[in-house]
Amino acid sequence: MAAPETTTPRARVEHLLGRRLRFTLQNSTNGERDERVVTGTFQCLDRHRNFILRDASELRIFEGGARRRTLGAALVPGKHLTKVEALRGDLDEVQTIEEGAFNG
């Protein structure tokens, strides 16, 4: 169920509390590609767009392969976010959250 268009950015974020989210992060350090996909239950968000998750897991994608690991509790840094998606149902169907929800 998507948040109505007339809601405030804060209401949209509050609607996602306690839901499973998938975050795509990308960072280029020293010319190396580092991409990660972190999935977890959304607990908190600060003004820097840093997300706190519980029951989190990470898929790290790098040149030559990928590695999955369990994180438990995790902080997802907002400065490296490229995409946030809400997962719904047992099949983890994806609903992409429009970027505007996190800019206000």
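Note that the structure is predicted; figures quoted are calculated from it, not measured. (Residues numbered from 1 in each chain as written. Predicted model: local features only at pLDDT ≥ 70, side-chain atom pairs only at ≥ 80, totals over all residues. Heavy atoms only, no water.)

A.B. asks: Explain the overall build of the chain to me, using residue names and the numbers behind them.
C.D. replies: What the chain contains, in helices and strands, is one helix and six strands. Put simply, the chain runs from its N terminus to its C terminus through helices and strands in the order α-β-β-β-β-β-β. Within the span of the chain, comprising 104 residues, buried residues form 32% of the whole. At a minimum sequence separation of 6, the contacts of the chain that also span at least 24 residues come to 45%. In the form shown here, the chain has an accessible surface area of approximately 6800 Å², with 48% of it arising from carbon and sulfur atoms. (Helix = DSSP H or I, 4+ residues; strand = E, 2+ residues; numbered from the N terminus. Buried < 20%, exposed > 50% of the residue type's maximum accessible area, 1.4 Å probe, protein only. Contact = heavy atoms within 4.5 Å. Areas by Shrake-Rupley, 256 points an atom, 1.4 Å probe, with all protein chains shown as cover.)

A.B. asks: Explain helix α1 (residues 9-16) residue by residue, including any values.
C.D. replies: Of all the positions in α1, only R12, V13 and L16 are classed as buried. Projected onto a plane normal to the axis of α1, the buried residues spread over an arc of 95° and lie on a single side. G18 lies just past α1 and shows a positive phi near 80°. (Arc of directions from axis to C-beta.)

A.B. asks: Help me get a handle on the confidence of the model for the chain, residues and values and all.
C.D. replies: Residue-level pLDDT values for the chain average 79, and 74% of them are 70 or greater. Averaged over each element, pLDDT in the chain is lowest for strand β6 (residues 93-96) (52) and highest for strand β4 (residues 65-76) (92). (pLDDT = per-residue confidence, 0-100.)

A.B. asks: Which residues make up the side chain of T24, and what values go with them?
C.D. replies: With respect to the element layout, T24 can be found in strand β1 (residues 20-29). Beyond its immediate chain neighbours, meaning those up to four positions away, T24 contacts E35, R36, V37, H80, L81, T82 and K83.

A.B. asks: Lay out the packing of aromatic side chains in plain terms, naming residues and giving numbers.
C.D. replies: In total, this model carries two aromatic pairs according to the counting rule given. Ring centres of F42 and F51 lie 5.3 Å apart, and the angle between their planes is 55°; this geometry places the pair in the tilted category. Judged by its relative accessible area of 1%, F42 falls in the buried class. Three or more aromatic residues joined by ring pairs form one cluster here, namely F23, F42 and F51. (Phe/Tyr/Trp six-rings, centres within 6.5 Å; stacked < 30°, edge-to-face > 60°.)

A.B. asks: An account of the pattern of salt bridges is requested, with residue identities and associated values reported.
C.D. replies: Inspection of the entire model under this criterion finds six salt bridges. The partner of D55 in a salt bridge is R54, and the shortest N-O contact between them spans 3.1 Å. On the accessibility criterion, R54 (38% relative accessible area) is partly exposed. Here E58 makes a salt bridge to R69, at a shortest N to O gap of 2.6 Å. In this pair, E58 sits in strand β3 (residues 51-62) while R69 sits in strand β4, placing the two residues eleven residues apart along the sequence. (Salt bridge = Lys/Arg side-chain N within 4 Å of Asp/Glu carboxyl O.)

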